Every structure is written in structure tokens, then in C-alpha cells.
Amino acid sequence: MMKTLSLLLSTAMCALACAGAERKPNFVLFVTDDHDVGDLPILSADQAADAPAIGRLAKNGIVFERAYVTSAVCTPSRYTLYTGRYPGRSQGDTYRNRYPETVQSNPGFILDLEKDGTNLGAVLSKHGYVTGHVGKFHVGDDDKMEEFIPGFKNRFAGKDKSDIAEADEFFKLRQKAYEKYMTQVIGYDWAKNIYWHNMEEPFRYHNPSWTLEAAFEFLESNKERPFFLHYNTTLVHGPYNWEESIDHPMYSDAGRLDNIPDLPHVQNKADMLEKSKRSKLQAQRTAGLVWLDNSVDTLVKKLDALGLLQDTVFIYIADHGITGKSSMYEGGIRASMLMHCPSRIPAHTRAKHLVSSADIAATIYDLAGVTLPENYHIDGKSLAPLFKNPDQQLHESVYAEEGAARAVVMGDYKYITVRYNKEMLARMRFDDPEKLVYDITYVDSNFTLGMLQLDPRAGQLTVADQLYNLKDDPQEKHNLANDPAHAETLARMKAELMKYLVSFKRPYGEFIPGENTVHPDQWNERLLKQLDKVQVRDISTSPPIYTVKLKEPEKIK
């Protein structure tokens, strides 16, 4: 009798202990595409689009006022969000084969994820979480996809893009391959409604209802267990065809849908256009931002309806800015970033010191109670201490990189260095300035990306050493690198950058000489003189069209 009573008492106490144990939090990582810090009411609503849902998350959670992403184009920035590592750390097959450790690398669109499971989806899956991936990926290995769908690299394998029926068949086939890749290679438990890269013709229309439908399915199926949902919208990357996209609800990256997604709270075309008209921000992307806010609102309301919002860490971040896209300037690497979780994060919290997008993975692992395997290198730090003490400083500096450029932000200053390697310089057409502008971008010969900076900044994009006082010069118009009064600051910033460069154990310019590095003395002045001969003008269209012509001789410095 006593033994039976003791057993019952022990069982009851265990049940009480288990019930009282803190459940692991859920996570939603909501990643957007191409918008500036001031576009939405996160830091301020002064010039923002009409986005009340995002504004409420910012008000009732923590806003990171000095957040930076690690790169200013999609692929390398997203690599960090998947892993917590700087892009140049990638050991992905494609990247490693292109840039062995003996050469200066150019982190950019060629970069890919490792197949060793050192990413959020795979690690959390092994630690009691069900992990799901929805929407844009853009860190994929095209060579690996050939195993799942022969002819993938030749996307349509002879099919006519203008033929809807032919394309529809291939898009549906690809979509199944994407799901297999994300689960069998990358390590997520579940994946659906994926964009491998950006949207493609003939289905190049935004369809957030299609990705939200998959998110709803994942949440409903896993509401009883801890989950991690990696949600990646196409908004507000181009094309800026918002009205046309709403008129094509049956088009997706899986081709034509059988049914229009039927979701609550999704706004109609008239409402979206009306909100965009009354927004303080008036730009081509404004209607897309309003649509983006509705996507956030729809997902948050679903979490609330399922009783999950209270203990779900909802993380919002844009992969990079748009006015400085492809550069190391504030309009490229300053991040719109917030976290919301009523049970863990006090409302009205503002963190004023430097943080990095590399910190997101570290924060998730910390809150999930994950001990990382020994082979997992991570560059970020957990942001959880800032929830209760937002005034503390976690980083002395933050780092970003892209192609030929590297940058470090410390205190009020930013130092940018541009070091083209031998391969990049060999492609530059110095004898033809009108063509040279196509060759100067940090990542590859992408004229539009380069013009985003060359148009407003003349040749500033290519200047080898740039130092800016962000407090006094937030627009980064005045390069202090050659100012004797700032020589000590420049030396300090170079030393700080060197700490990061050494950790990669590979060459970079004259900082760490190697077989394909070049000292900027060999090209910088020559490049600037040639660029001064050209005039670049943006014709306001969507997407923008740039014209390049030689200046009149008397207008050349």
C-alpha cells in the first residue's frame, strides 16, 4: 500500500514538474527582400509606408536601431541568415571550387549552403523542433539540383518561355525538386512553395497568398510542438508589378495553381492601392510595402488564432536595403530588424548599439537551448541579453562583405575597402569608359546593380579606401580617408578590419597578399579617371533604365 501511494505521489510530482517546465519557444523568421530602413514604421513612421501591422510589432517588441546585414545582395546576405556565419566562410561545393582558400574570394551570387547540416533548419530539427521552409531560397547549388531534375541549369530545357502550357509543366516538376533539395540536402523537415532564385517568366508575378497558404499548413500541422518556420517573401523585390500580380492569383513558381488560395485577412487590390496613395513614402515600391504589411498581418493573426503568438519569437528582417543595394553604404547594409514575443520580450524596447544579422541564428539557438556541434562555426552572438537590458553593448564592431568590397562599422565610423582581384581587373575595359561602367560592380558584371551607386555617387563606389563619420555624415558623401585629421581613425578602422580578414585565412588585397591579389595603386587612379569621362542617367521607369554617354570634354575634371 505504501509503495503504491509513494509511486502515485512520485508520478503526480513529476507531472507537476513537467507541466511547470518552460516550453521551448516557437520561431518565425520572416525575411523580406529589398527595402530600406526608413521604408516601414520600424525606426520611425515619419516617411514610412502605411504599414500598421509591422508598426505594432515594432511597438510591442524590440527594435534594433543599429542593425546591419552582412552583405547587400540576396545570396550572401541570406547565407548568413541560414547559418549565422559571414558569407565568405561558405564551404559550399560551388563556392569552394570557384574560390579555393589560396585566392581572394568574391562572396556573391555564386555562394551556396554547405551540405553538412550546419544551418538553422537542420540543427533545430535534431533538437526537438519541427522545421519548415517557405518562399525564396536563393542560396542553392544549381549543380546539385541536376541530381533531382536533369536539365535544371538550362532552366526550360528547350521549352519556350512564352508557351504557358510548356512552362507550367516544367515549373511543377521543378517545385517538387526544390522540396526534395530543402529536406534531403539542406535538412529542413518540411518545405513547400519555394522560389529557388527570383521569379521567372512567364509566371513573374508576386503571389504572397501562395506562400502564406503553405505557412498556414505548416502552422496548423505543428501547433502542438515546438517549431521553426523560415518564411521568405518575394516582396518587395522587382518587378514592381503589384497591380498586375494581384490580377494573376493563379500564377506561382509552381506554374498555374488549381485554385486561388483562400486565406483570411488578405486585402484586395483597391485597399492596397488606397493605402499606398496615403503613405508618407511615395516610391515605386510603396504598394509592395503595403502588401508586405498585409502579409505580416495575415501571418500574425494566424499565429494568434492558433494560440501561438504569445510564445512565438517573430523575427522580422529585410535581406538588405534598396537605395544602396550591392554596396557597402547605409542604403545597402543597414537592416530593418525587430523581434516580437510577448512572453519574453518587453514592449517598447529599443536596442541602440551595433548588432548584426549574424546574431539572429545565434539568438535562436540560445533561446532554443541548442548546444552547437563542434564543426559548426558561428560568427554571431545571442541578442537575448538585450531583451532585458537593451543598453548593453554586445559588439565593438560589425562586419560586411560583398565581392571585392569589405566594410567594418565601429562607433560613429564606417570603413569601406575595395580590392579588385586579378580576374576582375582582367575583365575591365579601361579603353572604353562607356563599357567600363558595366565592369565595376563588386560582385559581377551586373550593370543595373552598379548604376544604383554610380549614378548618385559618380566614381565613389570604386574608391579603394573610404572612411565616413556616420553621425555627422549619414549620407556618406564625404570620404575622410585622405584627411590627415582622421589618419588615426583610419588606422584604427583598418586594424579592426584586419581582425576579421585574418579569421578567414585567405588573401585579400595588400592586407593579406596572395596569388590573385592586386594592390590598389595599380588600378584605382586609372579607373577613377576613366569613370570621370562618362555620364550616367537614370530614366525613371520600373525597372530603372540607365543611359551612359561620354561627357563633353570641358566637363571632365
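Residues numbered from 1 in each chain as written. Predicted model: local features only at pLDDT ≥ 70, side-chain atom pairs only at ≥ 80, totals over all residues. Heavy atoms only, no water.

Enquirer: How should the overall build of the chain be read in this particular structure?
Expert: The number of helices and strands found in the chain is 19 helices and 16 strands. For the chain, the residues scored as buried account for 59% of the 557 residues in total. Relative to all contacts within the chain whose residues are 6 or more apart in sequence, the contacts with residues 24 or more apart total 73%. As displayed, the chain offers around 22900 Å² of accessible surface, 51% of which is attributable to carbon and sulfur atoms. (Helix = DSSP H or I, 4+ residues; strand = E, 2+ residues; numbered from the N terminus. Buried < 20%, exposed > 50% of the residue type's maximum accessible area, 1.4 Å probe, protein only. Contact = heavy atoms within 4.5 Å. Areas by Shrake-Rupley, 256 points an atom, 1.4 Å probe, with all protein chains shown as cover.)

Enquirer: I keep staring at the packing of helix H2 (residues 52-59) against helix H11 (residues 286-305) and nothing clicks. Help me out?
Expert: For any two helices packed against each other, one specifies the inter-axial angle together with the distance between the axes. Packing of H2 against H11 leaves a shortest axis separation of 7 Å and a crossing angle of 60 degrees. Taken together, the axis directions place H2 and H11 in an arrangement best described as oblique. Packed against H2, whose contacting residues are Pro-52, Ala-53, Ile-54, Arg-56 and Leu-57, the element H11 presents Leu-292, Asp-293, Val-296, Asp-297 and Val-300 at the interface. Split by residue class, the contact of H2 with H11 holds seven nonpolar, no polar and three charged. (Axes fitted to C-alpha atoms, helices over the stretch in contact; angles between N-to-C directions. Parallel < 35°, antiparallel > 145°, perpendicular 65-115°, else oblique. Nonpolar A, V, L, I, M, F, W, Y, C, P; charged D, E, K, R; others polar.)

Enquirer: Explain the nonpolar core to me, please; I cannot follow it from the model alone.
Expert: Here is a general trend for soluble globular proteins: nonpolar side chains tend to be buried in one another's company. In this structure, Phe-64, Phe-137, Met-339 and Tyr-420 are the most contacted members of the largest nonpolar core, which totals 94 residues. In terms of residue count, the dominant contributor to this core is helix H7 (residues 164-186) (seven residues). Grouped together as the second largest cluster of nonpolar side chains are 41 residues, Ala-49, Leu-292, Tyr-316 and Leu-338 included. (Core = buried A, V, L, I, M, F, W, Y, C linked by side-chain atoms within 4.5 Å.)

Enquirer: Any chance you could explain unusual backbone geometry here in plain terms?
Expert: Glycine aside, the phi torsion of most residues is negative, and most peptide linkages are trans. Across the junction of Glu-201 and Pro-202, the peptide omega takes the value 5 degrees, indicating a cis bond. Mapped onto the elements of the fold, Pro-202 is located in the loop between strand E4 (190-195) and helix H8 (208-221). Cis geometry marks the peptide bond from Gly-238 to Pro-239, where omega comes out at 10 degrees. Tracing the chain through its elements places Pro-239 in the loop between strand E5 (227-232) and helix H9 (242-246). Despite not being glycine, Glu-476 has its phi angle at roughly 55 degrees, a positive value. Following the sequence through the fold, Glu-476 ends up in the loop between strand E14 (465-469) and helix H18 (487-504).

Enquirer: What is the right way to look at the confidence of the model for the chain in this model?
Expert: Low pLDDT means the predicted coordinates in that region are not meant to be read closely. A residue-level look at the chain finds 90% of positions with pLDDT of 70 or above and a mean pLDDT of 90. Every residue in residues 1-21 is under pLDDT 50, and counting partners more than four places away or in other chains gives zero contacts. (pLDDT = per-residue confidence, 0-100.)

Enquirer: Would you mind going over the pairing of strand E1 (residues 26-32) with me for this structure?
Expert: For a regular strand, the rule is simple: side chains alternate between the two faces of the sheet. Among the seven residues in E1, seven count as buried, and that is most of the element. What you see with E1 is no split at all: Asn-26, Val-28, Phe-30 and Thr-32 on one side and Phe-27, Leu-29 and Val-31 on the other are buried throughout. The pairing of E1 with strand E8 (residues 312-318) spans seven bridges and is parallel. Bridged to Val-31 within E8 is Ile-317. Here E1 runs beside E5; their pairing, made up of five bridges, is parallel. Directly across from Val-31, in E5, lies its bridge partner Asn-232. (Pairing = 2+ DSSP bridges.)

Enquirer: Any chance you could explain the packing of helix H10 (residues 269-277) against H11 here in plain terms?
Expert: Contact geometry for H10 and H11: axes closest at 8 Å, N-to-C directions at 120 degrees. It follows that H10 is oblique to H11 by the angle criterion. Considering the relative orientation of H10 and H11, their crossing is right-handed. Counted together, Met-272, Lys-275 and Ser-276 of H10 and Thr-286, Ala-287, Val-290 and Trp-291 of H11 form the full contact between these two elements. Looking at side-chain class alone, the contact of H10 with H11 contains four nonpolar, two polar and one charged residues. (Left-handed = near helix turned anticlockwise from the far one by under 90°.)

Enquirer: Please clarify how the sheet that holds strand E11 (residues 398-402) should be interpreted in this entry.
Expert: Note on sheets: strands pair through backbone hydrogen bonds, and any given pair is parallel or antiparallel. Reading across the sheet, the four strands line up as E11-E12-E13-E14 and stay open at both edges, with antiparallel pairing between neighbours. Pairing within the sheet leaves two strands with one partner each, and these edge strands are E11 and E14. Taken over all neighbouring pairs, the strand axes of this sheet differ in orientation by 15 degrees on average, direction set aside. As paired elements, E11 and strand E12 (residues 405-410) share five bridges and run antiparallel to each other.

Enquirer: Sorry, what's going on with the side chain of Thr-211 here?
Expert: Locating Thr-211 in the fold gives a position in helix H8. Taking the relative accessible area as the measure of exposure, Thr-211 reaches 2% and is therefore buried. At 3.0 Å, the side chain of Thr-211 and the backbone oxygen of Pro-208 are in polar contact. Not counting residues up to four positions away in its chain, the partners in contact with Thr-211 are Val-134, Gly-135, Asn-193, Tyr-195 and Tyr-231. (Polar contact = N/O pair within 3.5 Å; in protein donor to acceptor, adjacent residues only side chain to side chain.)

Enquirer: I tried to follow helix H3 (residues 74-83) on my own but got confused; where do I start?
Expert: Three or four residues apart is the spacing at which side chains of an α-helix point the same way, because the helix has 3.6 residues per turn. Of all ten residues in H3, ten are buried, a share of seventy percent or more. Buried within H3 we find Cys-74, Thr-75, Pro-76, Ser-77, Arg-78, Tyr-79, Thr-80, Leu-81, Tyr-82 and Thr-83. Elements that come into contact with the buried residues of H3 comprise E1, helix H5 (120-125), strand E3 (130-136), E5, E8 and helix H13 (358-368). Directly after H3, the chain includes Gly-84, whose backbone phi takes a positive value near 80 degrees.

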